[in-house]
Each structure stands twice: as structure tokens, then as C-alpha cells.
Amino acid sequence: MITGKVTNGTTGRPVPNQTVQLMVPRNGMQEVATAKTDAAGRFALSPPADGSAPFFLVQTVFQAVNYRVRISGDAAADLMVYDASRVPPPLRIKSARILISAESQKIHVQELFAVENAAQPARTFANSDGTFLFHLGEGAGDPTAAVAGPMNMPIPQAVQDGKSPREFSINFALQPGLTVVMVAYDADYSARESPTPHYSAGSTKTPATSTGPGTGETCPSTWPTDPATPNSSATR
């Protein structure tokens with residue numbers, strides 16, 4: 001039996017009557033059990049009896065944002081959720097990595113950023129107009145984007161056009177703590193304008209101390225794989 005508790009990290013209170021799902025890796029992620037939290041926010045889930053799953057994901061959707069935790073066996077699966085806000089919190093790029101590879105007259109660029117949401121009190125930044133904004137030069141091709149999920153696996157994100165030319169965004173909900181955002185694109189060697197992107201996560205604010213785990217990743221010592229190939233494996 002897998003047991004746990006759902007707590008609202010913004011208020012510090014348990015979350016009652018919240019649906020929790022147990023997922024296993026079978027042709028993607030397959031739901032195998034569900035439960036409702038009680039008045040104290042606690043739940044219990046029955047894993048498959050065959051014991052074949054190498055790990056489980058326990059997840060819940062709170063205020064339209066998905067929260068999940070990876071566990072093995074019958075470990076406790078406590079979930080921390082947060083109130084969602086459309087207002088940009090203090091955000092900053094805490095660390096970054098840039099990878100460039102060349103082929104013929106093209107270069108392939110991968111930009112990876114650890115974005116810190118340091119809202120106080122802790123809140124998830126969720127805005128359909130975009131939470132992570134970036135600009136690319138004229139020499140860059142159409143970008144792809146992803147965020148790092150459990151086990152550092154890239155989760156592809158739809159790239160939206162912005163209000164200005166060559167402005168783009170994704171609207172992935174930025175939970176408190178660190179979220180690794182990845183952008184990839186091809187560029188022509190002969191481009192007059194540098195394709196190097198300029199980023200702003202929501203808006204520019206004064207940074208503060210991290211308050212939580214974000215997507216579950218820490219400031220990475222190993223980074224996820226190229227978001228242009230989201231099905232490839234990654235090391236943690």
C-alpha cells in the first residue's frame with residue numbers, strides 16, 4: 001500500500017477531497033489506481049499486485065497544475081501543491097548551459113536554464129500568456145522547447161508566438177524552486193544577426209531564496225537531454 005498526504009505549500013494546510021493518481025511506466029505512463037484525500041489530506045493507493053513496475057509516479061492536479069512525485073515500492077508519497085497565480089513572482093535564471101554542434105552550414109543550439117521561482121509565500125506561476133519568454137535572432141530557425149520532468153526526462157512544450165517578431169514563450173507552470181527549461185533551434189553559419197536568445201522568465205523581479213522543489217529537480221549537476229529529441233534517455 002502506498003500512503004501519503006497532500007499539503008498546500010502556500011497555506012501550510014492539508015488538502016481534502018483531492019484526487020490522487022498512481023501511474024506506472026507502461027507504453028508511456030498508465031493510471032493503475034486513484035484515491036481521494038480525507039479531511040487530513042491523507043490518501044492510500046494500491047499498487048499492482050504483480051510488482052513488475054520499476055517505479056511509480058503519484059500525481060494530482062491542483063488549481064489546473066499537475067504535481068507529481070516519483071517513488072519505488074511502498075515508500076511514502078507526500079505531495080506538496082501550491083496556490084496558482086497569474087502574477088509573475090520573483091524569478092531568475094540561477095544557472096545555464098549552452099551546447100552547440102555543427103553540421104554542414106548549420107549549427108544546432110541547445111539552451112538549458114535553471115529557472116528559480118522564489119515567491120514568498122510560495123506560489124506556482126501559471127499564466128496562459130506565457131511564463132518563460134524568449135527572443136531569437138533572425139538567423140535562428142523555429143525553436144522547440146521542453147522542461148525537465150521526473151528522472152530529468154524532457155517534457156515537450158508548445159512554443160507560442162509572442163507579440164513582437166521573433167518573440168516566443170511557453171506557458172508551463174513554474175512551481176516554487178527550480179524548473180529546468182530547454183530551448184533548441186538550428187541556425188545558419190552565415191546569419192548576419194546572432195541567433196543567441198534573450199530570455200525573461202515572466203518578468204524581471206528581485207530574486208529571493210528558493211522555497212521549494214519546483215518540478216522536483218535541483219540545480220542540475222547533470223542536465224536533461226536535447227528537447228529536440230524528447231524521447232531520448234537522460235542521466236540524473
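Rules used throughout
Residues numbered from 1 in each chain as written. Predicted model: local features only at pLDDT ≥ 70, side-chain atom pairs only at ≥ 80, totals over all residues. Heavy atoms only, no water. pLDDT = per-residue confidence, 0-100. Contact = heavy atoms within 4.5 Å. Pairing = 2+ DSSP bridges. Helix = DSSP H or I, 4+ residues; strand = E, 2+ residues; numbered from the N terminus. Axes fitted to C-alpha atoms, helices over the stretch in contact; angles between N-to-C directions. Phe/Tyr/Trp six-rings, centres within 6.5 Å; stacked < 30°, edge-to-face > 60°. Buried < 20%, exposed > 50% of the residue type's maximum accessible area, 1.4 Å probe, protein only. Lys NZ or Arg CZ within 6 Å of the ring centre and 35° of its normal. Polar contact = N/O pair within 3.5 Å; in protein donor to acceptor, adjacent residues only side chain to side chain. Salt bridge = Lys/Arg side-chain N within 4 Å of Asp/Glu carboxyl O.

Asker: What should I look at first to understand the confidence of the model for the chain in this one?
Answerer: The predicted coordinates ought not to be read in detail in places where the model reports low pLDDT. Of the residues in the chain, 78% reach a pLDDT of 70 or more, and the chain-wide mean stands at 80. In the model, residues 226-236 has pLDDT below 50 throughout and makes 32 contacts with residues more than four positions away in sequence or in other chains.

Asker: Before we go on, may I ask you to explain the sheet that holds strand β7 (residues 65-71) in this structure?
Answerer: In sheet architecture, strand pairing relies on hydrogen bonds along the backbone and comes in two forms, parallel and antiparallel. Overall, antiparallel pairing links the 4 strands, which are arranged β4-β3-β6-β7 in an open sheet. Of all strands in the sheet, those bounded by a partner on one side alone are β4 (29-36) and β7. Each strand of the sheet is rotated relative to its neighbour by a mean of 25 degrees, with strand direction disregarded. Strand direction decides the pairing type here: strand β3 (residues 19-25) and strand β6 (residues 56-62), joined by 3 bridges, are antiparallel. Across the sheet, the residue bridging to Leu 22 is Val 58, located in β6.

Asker: I'm lost on the packing of aromatic side chains in this one. Help?
Answerer: For any pair of aromatic rings, geometry is given as the distance between the ring centres together with the angle between the planes. In this structure the tally under the stated criterion is 4 aromatic pairs. A centroid spacing of 6.3 Å and a plane angle of 50 degrees characterise the contact between Tyr 67 and Tyr 82, whose relative ring orientation is tilted. Placement of the pair is Tyr 67 in strand β7 and Tyr 82 in the loop between β8 (79-81) and β9 (84-85), with a sequence separation of 15 residues. Tyr 67 gets classed as buried once you look at its relative accessible area, which sits at 1%. Three or more aromatic residues joined by ring pairs form one cluster here, namely Phe 113, Phe 132, Phe 134 and Phe 168. Of note, Arg 70 hangs over the ring of Phe 55, and the distance from its end group to the ring centre comes to 4.7 Å.

Asker: Sorry if this is basic, but what is going on with the sheet that holds strand β10 (residues 91-103) here?
Answerer: Judged by pairing direction, the sheet is antiparallel, and its 5 strands sit side by side in the order β10-β11-β18-β14-β15 without closing on themselves. Sheet topology places β10 and β15 (154-157) at the edges, where each strand pairs with a single neighbour. Pairs of neighbouring strands in the sheet enclose a mean axial angle of 25 degrees, with direction left out of account. Summarising the sheet, β10 and strand β11 (residues 106-117) pair through 12 bridges and their orientation is antiparallel. Looking across to β11, one finds that Ser 101 is bridged to His 108.

Asker: Looking at this structure, I do not really get the side chain of Thr 124. What am I missing?
Answerer: Among the structural elements, Thr 124 can be located in strand β12 (residues 124-125). Its relative accessible area of 1% is what places Thr 124 among the buried residues. Separated by 2.8 Å, the side chains of Thr 124 and Tyr 67 make a polar contact.

Asker: What is the right way to read the pairing of strand β5 (residues 42-45) from this model?
Answerer: Two faces make up the sheet, and in a regular strand the side chains alternate between them. Burial of β5 is one-sided: the residues Phe 43 and Leu 45 facing one way are buried, the residues Arg 42 and Ala 44 facing the other way are not. Where strand β1 (residues 2-8) meets β5, 4 bridges bridge the pair, whose relative direction is antiparallel. Residue Lys 5 lies in a different strand from β5, and its bridge partner there is Arg 42.

Asker: Which parts of the structure should I look at to understand the pattern of salt bridges?
Answerer: It is possible for side chains bearing opposite charge to pair when their charged atoms get close. Taken as a whole and judged by the stated rule, the model has 3 salt bridges. When the shortest N-O distance is used, the salt bridge between Arg 92 and Glu 116 registers 2.6 Å. Note that Arg 92 is positioned in strand β10 and Glu 116 in strand β11, a separation of 24 residues in sequence. Classification of Arg 92 as partly exposed rests on a relative accessible area of 33%.

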